[in-house]
Amino acid sequence: MSEPPLPRLVIQQGHDQGGSGIMVALTGELDGSTSADLREAVVLLAAQPQIRGRLLLDLSAVTYCDNASLYTLLGICEALDLVGICVALTAVSPAVDTCIQRNALEERLPVGAAPDAISGAANEGAGGTTPTRS
């Protein structure tokens, strides 16, 4: 009997170093089908009191990222900002960075930015600030 296939996207949750929010690390492929898993996980996380208005995303182990999932990620950031949860991308893999560059989203999805900076960048058209890429 063969073992079931490994999931294409693994979502691991922990607390950030300062204990003021939740850290989520993604490993694997981020595409149209796996981004649904990310959306569902974020919805569940947003309801937890431990989030304390701050969600840190580590995308350094993402091996594939398509345009649709990148815009899904942007939508997640914007939706969470509307409910008072700041999101920051703490690190991205070369695959994610290439996708961000290809879609000219460096200012709306800055890597290594403070959580309040990325939320402002996601709402740049609504008067937010534009942080620089680190």
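One can find the structure itself at the top, above this paragraph.
Residues numbered from 1 in each chain as written. Predicted model: local features only at pLDDT ≥ 70, side-chain atom pairs only at ≥ 80, totals over all residues. Heavy atoms only, no water.

S.K.: Explain the pattern of salt bridges to me, using residue names and the numbers behind them.
M.R.: In the structure shown here, the tally under the stated rule is three salt bridges. Among the salt bridges present, the one from R8 reaches D31, with a minimum N-O distance of 1.9 Å. On the criterion of sequence distance, the pair formed by R8 in the segment before β1 (9-15) and D31 in the loop between β2 (22-30) and α1 (35-46) is long-range, its members being 23 residues apart. The shortest N-O distance in the salt bridge between R108 and E78 comes to 2.6 Å. One end of the pair, R108, is in the loop between α3 (94-102) and α4 (115-122); the other, E78, is in helix α2 (residues 67-82), and 30 residues separate them in sequence. The class for R108 is partly exposed, based on a relative accessible area of 31%. Three or more residues joined by partner-sharing salt bridges are found here, namely R8, E29 and D31. (Salt bridge = Lys/Arg side-chain N within 4 Å of Asp/Glu carboxyl O. Helix = DSSP H or I, 4+ residues; strand = E, 2+ residues; numbered from the N terminus. Buried < 20%, exposed > 50% of the residue type's maximum accessible area, 1.4 Å probe, protein only.)

S.K.: Run through the packing of α1 against α2, naming residues and quoting values.
M.R.: It is the contact of α1 with α2, at a shortest axis distance of 10 Å, that shows an interaxial angle of 15°. Compared by their axis directions, α1 and α2 come out roughly parallel. For α1 against α2, the interelement crossing comes out right-handed. Across the interface between the two elements, S35, L38, R39, V42 and A46 of α1 pack against S69, T72, L73, I76 and L80 of α2. Residues of the contact of α1 with α2, tallied by class, amount to six nonpolar, three polar and one charged. (Axes fitted to C-alpha atoms, helices over the stretch in contact; angles between N-to-C directions. Parallel < 35°, antiparallel > 145°, perpendicular 65-115°, else oblique. Left-handed = near helix turned anticlockwise from the far one by under 90°. Contact = heavy atoms within 4.5 Å. Nonpolar A, V, L, I, M, F, W, Y, C, P; charged D, E, K, R; others polar.)

S.K.: Describe the nonpolar core, naming the residues involved and giving the relevant values.
M.R.: Of all hydrophobic cores here, the largest spans 30 residues; its most connected members are L26, L55, L57, L59, L89 and I100. For this core, the element with the highest residue contribution is α2, accounting for six residues. (Core = buried A, V, L, I, M, F, W, Y, C linked by side-chain atoms within 4.5 Å.)

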